[in-house]
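Examination of the molecular architecture
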Amino acid sequence: MPWAKTSDLSTRLEQREQDLMPNCTFEADGKPKCTQNEDMMATSWAFLLDPEKLAKQFSLVQRKSIRRDWMLKTLGLEETDVYTFPDQKRYNWKVYDTPPTPSSEPLDHWNLTFNARLELSSLRSLSSYKLLEFGSLFGSRRLAFEQPQNTALQSNTKRLMAYSWRNPSLEAISEAIADRLGGRENYVSAHLRVGRHDKFSKGAVGRMEEVFAKLVQAMGLDQSSVDQLVREVGVQRQTGKPATTRSFSLVEESWDNTTERNLSNSPSRSLRCKSRLHGSDTPWAALNKPVYVGTDAEHPRTHEALQPFVRSLPCLFFLHDFQTVNTLNLEPVVELDRLRNMTDEQGKPVEKWMLPLIELEVVAKARTAIGTLGSSFSAFGAAHLHASYWNPQRESEGLEWR
């Protein structure tokens, strides 16, 4: 659901909740015949997170209905107990914990301008109200904290969310894919947001070139080779070379005709690289590592913005490569196939809603994970969830802010 003004958003959310209810008609014999709305799903946070871990640090109330009367009744509130900050635009309120100074505004790569400034001290003056309600929490940059206690609270909350993440079924699927790629130590990943008619689709080509440069450098390409490759990426884009071109000329000359396309470090030996590997005596040999890309692109191998990855990385894989037998995968991931029968607490199929989360887990389990700048979803996987897999000892660190 896209952002909307507070009054419109509340109405839409309540309508969505109504739409989630089974649509029932009665047969001639009086028996009900009900159908579920398959275009949306509602489930508790406990489906993805361990609420007990979060409850040790925060007071939580599981919201079982979006309706306002349900919220007031559950919390024991009257309307007069609530102070609302309604959103009249997408980036309305921004909360600061320090007085305005030139250095208090963090660098914003999206040039987002918030309409109103709120000070924590001003919020504290509203102590006569029992609930402060914001029209939406859209935008991860709403909190501009500089005080150590507040930045610690913010970072620890993000970390707790990541370390509380758990769904055994999703975990088994992502682990099976990671194993197929050679294990967590042996592949790298990127999470690429290219969007559809939104801020991510605008300038997606240039933004993906930046992610590509970070990824190949992380794979071990020396800086001069990175610069050389990125320059050719730009030239190919400007000259409009078709997306069907197999590779960039720089790396095309390094393909090793004698090398098999089998993924050598895959224990199952069932994966094959799409192209021949680069020769071991060339500077591009570092690009032979298995690469997993999670993306919202509907057709990633032909998407214009993803061509630097597709043309340069012989062992590049997307989620759909593991779902069926194909030229790259001789054996489908059984655990992924079981997702078709997976349901939520109400028994509703969840496959299409879980695929982006599985992608995020596979990305996070890689030894190195690169995300898309400006995407909080991408950052959660490539940074916070990645840290929970690779630094499990940090789960209990840094809670002194309590």
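Presented here is an overview of the structure given in this document. (Residues numbered from 1 in each chain as written. Predicted model: local features only at pLDDT ≥ 70, side-chain atom pairs only at ≥ 80, totals over all residues. Heavy atoms only, no water.)

1. Quick word on the state of the cysteines
Within this structure, the stated rule accounts for 1 disulfide. With its sulfur 1.9 Å from that of its partner, Cys273 forms a disulfide with Cys315. Residues Cys273 and Cys315 share a disulfide whose torsion about the S-S bond is about 85 degrees; that sign makes it right-handed. Highlighted residues: Cys273 in the loop between helix H9 (249-252) and strand E9 (291-295) and Cys315 in the loop between helix H10 (307-312) and strand E10 (316-317), separated in sequence by 42 residues. As far as the burial class goes, Cys273 and Cys315 line up, both buried. (Disulfide = S-S within 2.5 Å. Helix = DSSP H or I, 4+ residues; strand = E, 2+ residues; numbered from the N terminus. Buried < 20%, exposed > 50% of the residue type's maximum accessible area, 1.4 Å probe, protein only.)

2. Here we look at the sheet that holds strand E5 (residues 116-119)
As summarised here, the arrangement of the 3 strands in space is E5-E4-E7, forming an open sheet in which the pairing is parallel. With one partner strand each, in any of the chains shown, E5 and strand E7 (143-144) form the two edges of the open sheet. Examined bridge by bridge, strand E4 (residues 93-96) and E5 share 4 bridges and lie parallel to one another. In the strand pairing of E5, Tyr96 is matched with Glu119. (Pairing = 2+ DSSP bridges.)

3. Re the packing of helix H12 (residues 351-365) against helix H13 (residues 376-390)
Contact pair H12 / H13: the axes reach a minimum separation of 8 Å and the direction vectors enclose 50 degrees. With respect to H13, the axis of H12 lies oblique. Judged by the sense of rotation from one axis to the other, the crossing of H12 with H13 is right-handed. Of H13, the residues touching H12 (which contributes Pro356, Leu357, Leu360, Glu361, Ala364 and Lys365) are Phe377, Phe380, Gly381, Leu385, His386, Tyr389 and Trp390. Per-class residue counts for the contact of H12 with H13 are 9 nonpolar, 2 polar and 2 charged. (Axes fitted to C-alpha atoms, helices over the stretch in contact; angles between N-to-C directions. Parallel < 35°, antiparallel > 145°, perpendicular 65-115°, else oblique. Left-handed = near helix turned anticlockwise from the far one by under 90°. Contact = heavy atoms within 4.5 Å. Nonpolar A, V, L, I, M, F, W, Y, C, P; charged D, E, K, R; others polar.)

4. Observations concerning the pattern of salt bridges
Per the counting criterion, the structure on display carries 13 salt bridges. The closest approach of N and O atoms between Glu171 and Lys365, which form a salt bridge, is 2.8 Å. With Glu171 in helix H6 (residues 168-180) and Lys365 in helix H12, this pair connects stretches of sequence that are 194 residues apart. Residue Glu171 is classed as partly exposed on the basis of its relative accessible area, which comes to 26%. Look at Lys365 and you get buried, because its relative accessible area is 0%. One network of salt bridges, in which partners are shared, links Glu171, Glu175, Arg184 and Lys365. (Salt bridge = Lys/Arg side-chain N within 4 Å of Asp/Glu carboxyl O.)

5. Details of the packing of aromatic side chains
A full pass over the atoms with the stated rule returns 9 aromatic pairs. With a centroid separation of 5.3 Å and 70 degrees between ring planes, the pair formed by Tyr91 and Phe114 is classed as edge-to-face. Linking Tyr91 in the loop between strand E3 (82-85) and E4 with Phe114 in the loop between E4 and E5, this pair joins segments that are 23 residues apart in sequence. Grouping residues by exposure puts Tyr91 and Phe114 together as buried. With a centroid separation of 6.0 Å and an interplanar angle of 50 degrees, the aromatic rings of Phe317 and Phe322 are classed as tilted. (Phe/Tyr/Trp six-rings, centres within 6.5 Å; stacked < 30°, edge-to-face > 60°.)

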